Amino acid sequence: MDGAATTRWLIVGVDGSDSSRHALEWTAHQAVLRGLGLRIVVAASSPATVGVFAAPVPGEEPQAVSGADTSTAERLLAYAADWVSRLFPELEVDPRLSSARPLDALLVEAAAPDAAAVVVGSRGLSGFLAAFVGSVGIELAARSPVPVVVMPHEHASAHGVRGRVIVGVDGSEPSRRAVEFGFAQAEFAQTELVAVCAWQPLVAFAAATGPIPPELFDDTTAAEAARQSLEEEIADARLRHPGVTATPRVVRAHPVVALLEEATPADLIVVGSRGRGGVRGLLLGSVSHSVLHGARGPVAILR
């Protein structure tokens with residue numbers, strides 16, 4: 001059987017910025033852990049100058065790209081593929097140059113049947129290859145058929161620290177997919193999973209929501225209800241992934257605060273693209289959007 005036909009790929013968008021270097025390195029490591037290939041995508045659709053990982057392309061002065069000239073993008077792609085192959089010589093690497101807009105290039109790759117997930121940096125360069133900036137990451141997360149992981153602008157490395165998987169749980173369908181993805185990721189990485197369910201006092205919302213049973217104003221009752229809900233939401237995933245150490249955590253706080261305070265830069269935060277109270281028409285829910293902008297480590301978003 002042809003091995004190329006059976007390979008599944010982690011896709012990473014590279015634009016030459018330091019943020020995309022973090023994304024490239026992190027994705028390559030994840031691909032090695034999971035036995036997947038690495039597909040590197042560079043989009044060469046906008047004219048301007050570019051550096052490689054916050055520096056000029058080795059051996060070249062920064063140049064402007066005009067019209068159909070893709071030479072700078074080709075050099076960037078070749079450099080990125082060579083760089084990651086030196087770090088992970090056992091990794092299968094598939095470099096791809098696209099003439100489409102960055103978002104469109106990544107959506108095409110994400111729609112491929114062999115795609116496992118897409119990873120981008122949260123910040124790119126301005127102009128040429130300014131591809132994988134925050135707005136692209138947000139729209140990609142809202143439209144991608146596979147999980148999207150966004151790396152922070154300044155990824156704080158945590159040497160010697162085993163990263164955990166932090167999953168936000170709220171009972172919505174995207175949240176349930178986030179739970180399954182988080183358990184699978186924790187299983188592959190042989191690391192701990194922390195399932196976070198945040199709850200808030202109902203008093204502040206009483207006027208807007210109408211009559212509320214008096215017992216729900218009691219913090220102890222509300223916390224216990226949240227705990228039971230959390231246990232139910234992760235029960236099936238625990239059975240499917242018995243080797244994962246899963247710690248349920250019920251927190252009296254806003255969901256964004258609960259997740260960001262729990263996670264360290266070494267951890268992967270996993271959230272659904274929108275929760276039960278999502279507003280139609282928005283690309284992402286308020287929680288996933290705020291976590292994406294506030295996290296110090298990688299964030300995975302599932303639709």
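As the structure is a prediction and not an experimental result, all values here were calculated from the model. (Residues numbered from 1 in each chain as written. Predicted model: local features only at pLDDT ≥ 70, side-chain atom pairs only at ≥ 80, totals over all residues. Heavy atoms only, no water.)

### Focus: the overall build of the protein chain
Our working definition: Think of it this way: any DSSP run of H or I at least four residues long counts as a helix, any run of E at least two long counts as a strand, and we number them from the N terminus. Only protein chains enter the accessibility calculation, which uses a 1.4 Å probe; a residue is then buried when its area is under 20% of its type maximum, exposed when over 50%, and partly exposed in between. Two residues qualify as a contact provided that any one of their heavy atoms is within 4.5 Å of a heavy atom in the partner residue. Where accessible areas are quoted, they stem from the Shrake-Rupley method and a 1.4 Å probe; at the residue level, only the protein chains shown are allowed to cover.
Assigned secondary structure in the protein chain consists of ten helices and ten strands. Looking at the protein chain as a whole, 47% of its 303 residues qualify as buried. Long-range contacts, defined as pairs at least 24 residues apart, comprise 79% of the intrachain contacts of the protein chain with a sequence gap of at least 6. Carbon and sulfur atoms form 54% of the exposed surface of the protein chain, whose accessible area is close to 14,100 Å².

### Observations concerning the side chain of Glu233
We count it as follows: Definition of a polar contact: a pair of N or O atoms within 3.5 Å, with one able to donate and the other able to accept a hydrogen when the atoms are protein atoms, and with sequence-neighbouring residues admitted only if both atoms are side-chain atoms.
Structurally, Glu233 is set in helix α8 (residues 219–240). For Glu233, a relative accessible area of 18% translates into the label buried. Within the structure, the side chain of Glu233 is placed 3.1 Å from the side chain of Arg176, a separation counted as a polar contact. For Glu233, the contacting residues outside a window of four places in its chain are Val169, Gly171, Arg176 and Val179.

### With respect to the sheet that holds strand β6 (residues 165–168)
What counts, and what does not: Pairing between two strands is assigned when DSSP locates at least 2 bridges connecting them. Every axis corresponds to a line fitted to the C-alpha atoms, with the helix fit spanning only the stretch in contact, and the corresponding angles, defined between N-to-C directions, vary from 0 to 180 degrees.
As summarised here, the arrangement of the ten strands in space is β3-β2-β1-β4-β5-β10-β9-β6-β7-β8, forming an open sheet in which the pairing is mixed. Every interior strand has two partners, whereas the edge strands, β3 (93–98) and β8 (246–252), have only one. Here the strands of the sheet are splayed against their neighbours by 25° on average, with no regard to which way each runs. Relative to strand β4 (residues 115–121), strand β1 (residues 9–13) runs parallel, the two sharing four bridges.

### A closer look at the pattern of salt bridges
We apply this condition: The rule for a salt bridge is simple: a side-chain nitrogen of Lys or Arg has to be within 4 Å of a carboxyl oxygen of Asp or Glu.
Scanning the entire structure with this criterion turns up 17 salt bridges. Of the charged contacts in the structure, one is a salt bridge between Asp94 and Arg39, with a shortest N-O distance of 2.8 Å. Residue Asp94 is located in strand β3, and its partner Arg39 is located in strand β2 (residues 37–43); the two are separated by 55 residues in the primary sequence. On the accessibility criterion, Asp94 (18% relative accessible area) is buried. Note that Asp82 and Arg86 form a salt bridge whose closest N and O atoms lie 2.8 Å from each other. On the criterion of helical spacing, the pair formed by Asp82 and Arg86 is a turn pair, its members being four residues apart in helix α3 (residues 71–87).

### What about the confidence of the model for the protein chain?
The line we're drawing: Along the chain, pLDDT gives the predictor's confidence residue by residue, from 0 to 100.
On average, residues of the protein chain score 80 in pLDDT, and 74% of them reach the 70 mark or higher. Contacts for the low-pLDDT stretch residues 55–68, under 50 throughout, to residues beyond four places or in other chains number 19 contacts. Considering only residues more than four positions removed or in separate chains, one finds that residues 277–283, a stretch of pLDDT under 50, has six contacts.

### Details of α3
Keep this limit in mind: Multiplying one less than the number of residues by 1.5 Å gives the expected span of a helix. Working note: the arc is built from the helix axis to C-beta atom directions.
For α3, with 17 residues, the first-to-last C-alpha span of 24 Å sits near the 24 Å given by 1.5 Å per residue. Among the residues making up α3, those that are buried are Thr72, Ala73, Leu76, Leu77, Ala80, Ala81, Trp83 and Val84. Down the axis, α3 shows its buried residues gathered within 165° of arc, on one side only.

### A closer look at the nonpolar core
Rules: Joining through side-chain atoms within 4.5 Å is the link that ties buried Ala, Val, Leu, Ile, Met, Phe, Trp, Tyr and Cys residues into a set, and such a set is a nonpolar core.
Among the nonpolar cores identified, the biggest contains 50 residues, and Leu24, Ile40, Leu193 and Val270 are the most heavily contacted of them. It is α3 that contributes the most residues to this core, seven residues altogether. With 33 residues, the next largest nonpolar core counts Ala105, Ile269, Leu292 and Val299 among its residues.

### Some details on unusual backbone geometry
A positive phi angle is found at Gln190, which is not glycine, with a value near 55°. Relative to the assigned elements, Gln190 resides in the loop between α6 (173–189) and β7 (193–199). Owing to a relative accessible area of 65%, Gln190 belongs among the exposed residues under this scheme.

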